[in-house]
Amino acid sequence: MSHDAAAHHEAHHPALAHHFDSLAQQSEATTLGMWVFLVTEVLFFGGLFATYMIYRSWYPDAFAAASHELDVTLGTINTVVLITSSLTMALAVHAAQLGQRKLLMTFLILTMILGGVFLGIKSVEYYHKFAEHHVPGPDFQFEKEYIRHAQLFFSLYFVMTGLHALHMIIGIGIMLVMLWWSWNGTITEEYSSPIEISGLYWHFVDIVWIFLFPLLYLIGRHAH
Amino acid sequence: MSSHILPKRVYYTIFAILLFCTYLTVQIAFLDLGALNTVAALGIATFKATIVVLFFMHVKYSTRLTWAVVLGSVFWLGILLALTMTDYLTRVWRHYG
């Protein structure tokens, strides 16, 4: 550590890594690093969206017919649940920035609960798909006309919502760590970066769903 | 701390707009607008994503470097989707050649 950095009063903060001049600089670098990671996530999901775009442009009728088999009510409820979890996450970050520890922990718990509700509803939907033989494979049943291309839709449905759900599970794991750090005093008014970048991750997962919902659940709904 | 602390009402306002947009996107899906159905669905989703990025994710108040990275993700995604479709959407043309 240089004498200049040591002279800086923030250098004494236990959360300040030695290669940063100040907590503010460290926080900016942390945010930037998280965004660079999120770019890779955008392109990771982007490949699936590109696949979806190609097959939907090739087989629009099969995609519309298959989309009708999804439950719009459950999909809409889940969208509302996830948006609400993004609000509680934003409020958790707000509480962290103000050093309101109890409020922060409350909002983290609420975010996790809402994430759990989302996954619960999603598993009910998956259960229905298995019961209805809408899982691609030898047992797949559908109108004969669309049977091959509807499987493409449902393959994309399971891969895209499955990867999204995996991100939610990881997100809940991250929130558990954040809850632990909030409880043991690691997170302070001066050092709220971990909560902020966990929030970025959570909101990103919300954005993926914002696109998945209309693309999977709402195709050609007016026709029936 | 350099981070900009937003008043809570900003979050509540964005939340209300997001809920309204969700209602709107479901309602529009049941109207027959032809090709505009997809345009409306993606337009609303893009708007929702934009306000989440700007306010919930604080990008509106972030450094220019963060802005560049965020816009970069949109740019590269655009390349991925657009260049892929220049191939797939033009494959049918060879039947007329």
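**Examining the overall build of chain B**
Tallying secondary structure elements over chain B gives three helices and zero strands in all. Along chain B, helices (α) and strands (β) appear in the sequence α-α-α when read from the amino end. On C-alpha atoms alone, chain B measures out to a radius of gyration of 18 Å, which is more than a quarter above the 13 Å that the 2.2 N^0.38 rule sets for 97 residues. Structurally, chain B occupies a C-alpha span of about 65 × 35 × 10 Å along its principal axes. Of all 97 residues assigned to chain B, the portion counted as buried reaches 36%. Partitioning the contacts of chain B with sequence separation of at least 6, the portion at a separation of at least 24 is 54%.

**Overview of the overall build of chain A**
Summing up its helical and strand segments, chain A has seven helices and zero strands in all. Ordering the α and β elements of chain A from the N terminus gives α-α-α-α-α-α-α. Here chain A has a C-alpha radius of gyration of 22 Å; the compact-globule value for 224 residues is 17 Å, and the former is much larger. With the C-alpha coordinates of chain A rotated into their principal frame, the extents come out at 75 × 30 × 30 Å. The buried share among the 224 residues of chain A stands at 54%. Within chain A, contacts between residues separated by at least 24 positions form 77% of all contacts whose residues are at least 6 apart in sequence. For chain A, the exposed area adds up to about 9,700 Å²; of that, 65% sits on carbon and sulfur atoms. Averaging the locations of the 8 positively and 17 negatively charged side chains of chain A gives two centres separated by 13 Å.

**Points about the nonpolar core**
Ranked by internal contacts, the top residues of the largest apolar core, which has 91 residues, are A:Trp35, A:Leu108, A:Phe153, A:Tyr157, A:Ile195 and B:Met57. Residue contributions to this core peak at 15 residues, all from helix 7 (residues 193-217) of chain A.

**Brief notes about unusual backbone geometry**
Unlike most non-glycine residues, A:His133 shows phi in positive territory, near 60 degrees. Structurally, the position occupied by A:His133 is in the loop between helix 5 (101-131) and helix 6 (147-183).

**Focus on a nonpolar patch on the surface**
All names here are of chain A. A cluster of nonpolar residues, Ile109, Leu110, Ile113 and Val117, forms a patch on the protein surface that exposes about 300 Å² of accessible area. Within the secondary structure, Ile113 sits in helix 5. On the basis of relative accessible area, Ile113 is assigned to the partly exposed category, the value being 49%.

**Considering the layout of surface pockets**
Residue and element names in this part refer to chain A. Empty space within the largest pocket amounts to approximately 1,300 Å³. Take the lining of the largest pocket: its biggest share by element is eleven residues, from helix 2 (residues 23-58). A class-by-class count of the residues in the lining of the largest pocket yields 34 nonpolar, twelve polar and three charged.

**Examining the packing of helix 2 of chain A against helix 3 (residues 64-88) of chain B**
For the pair helix 2 of chain A and helix 3 of chain B, the least separation of the axes is 9 Å and the interaxial angle reads 20 degrees. Comparing their axes, helix 3 of chain B and helix 2 of chain A come out roughly parallel. As helix 2 of chain A packs across helix 3 of chain B, the resulting crossing turns out to be right-handed. Here the residues of the contact of helix 2 of chain A with helix 3 of chain B sort into 20 nonpolar, six polar and no charged.

**Focus: the packing of aromatic side chains**
Under the defined criterion, the tally for this structure stands at 24 aromatic pairs over all chains. Here the aromatic rings of A:Phe140 and A:Phe142 are separated by 6.0 Å at their centres, their planes lie at 15 degrees, and the arrangement is stacked. For the residue pair A:Phe140 and A:Phe142, the accessibility class agrees, reading buried in each case. One residue, B:Arg91, lies across the ring of B:Tyr88, its end atom 4.3 Å from the ring centre.

**Side note on the confidence of the model for chain B**
All names here are of chain B. Taken over all residues, the pLDDT of chain B has a mean of 91, while the share at 70 or more is 94%. Per-element mean pLDDT across chain B ranges from 94 in helix 3 up to 97 in helix 1 (residues 8-29). Under the prediction, the complex receives an ipTM of 0.92, its pTM being 0.92.

Basis of the calculations
Residues numbered from 1 in each chain as written. Chains lettered and ligands numbered in written order. Predicted model: local features only at pLDDT ≥ 70, side-chain atom pairs only at ≥ 80, totals over all residues. Heavy atoms only, no water. Helix = DSSP H or I, 4+ residues; strand = E, 2+ residues; numbered from the N terminus. Rg over C-alpha atoms; globule rule 2.2 N^0.38 Å. Buried < 20%, exposed > 50% of the residue type's maximum accessible area, 1.4 Å probe, protein only. Contact = heavy atoms within 4.5 Å. Areas by Shrake-Rupley, 256 points an atom, 1.4 Å probe, with all protein chains shown as cover. Lys, Arg positive; Asp, Glu negative; His and termini not counted. Charge placed at Lys NZ, Arg CZ, Asp CG, Glu CD. Core = buried A, V, L, I, M, F, W, Y, C linked by side-chain atoms within 4.5 Å. Patch = residues over 30% accessible without salt bridge, like charges linked within 9 Å, V, L, I, M, F, W, Y side chains within 5 Å. Salt bridge = Lys/Arg side-chain N within 4 Å of Asp/Glu carboxyl O. 1 Å grid on protein atoms, 1.4 Å probe; cavity = no way out; pocket = protein on both sides within 12 Å on 5 of 7 lines; lining within 4 Å. Points joined across faces, edges and corners; volume = space filled by probe spheres on them. Nonpolar A, V, L, I, M, F, W, Y, C, P; charged D, E, K, R; others polar. Axes fitted to C-alpha atoms, helices over the stretch in contact; angles between N-to-C directions. Parallel < 35°, antiparallel > 145°, perpendicular 65-115°, else oblique. Left-handed = near helix turned anticlockwise from the far one by under 90°. Phe/Tyr/Trp six-rings, centres within 6.5 Å; stacked < 30°, edge-to-face > 60°. Lys NZ or Arg CZ within 6 Å of the ring centre and 35° of its normal. pLDDT = per-residue confidence, 0-100.

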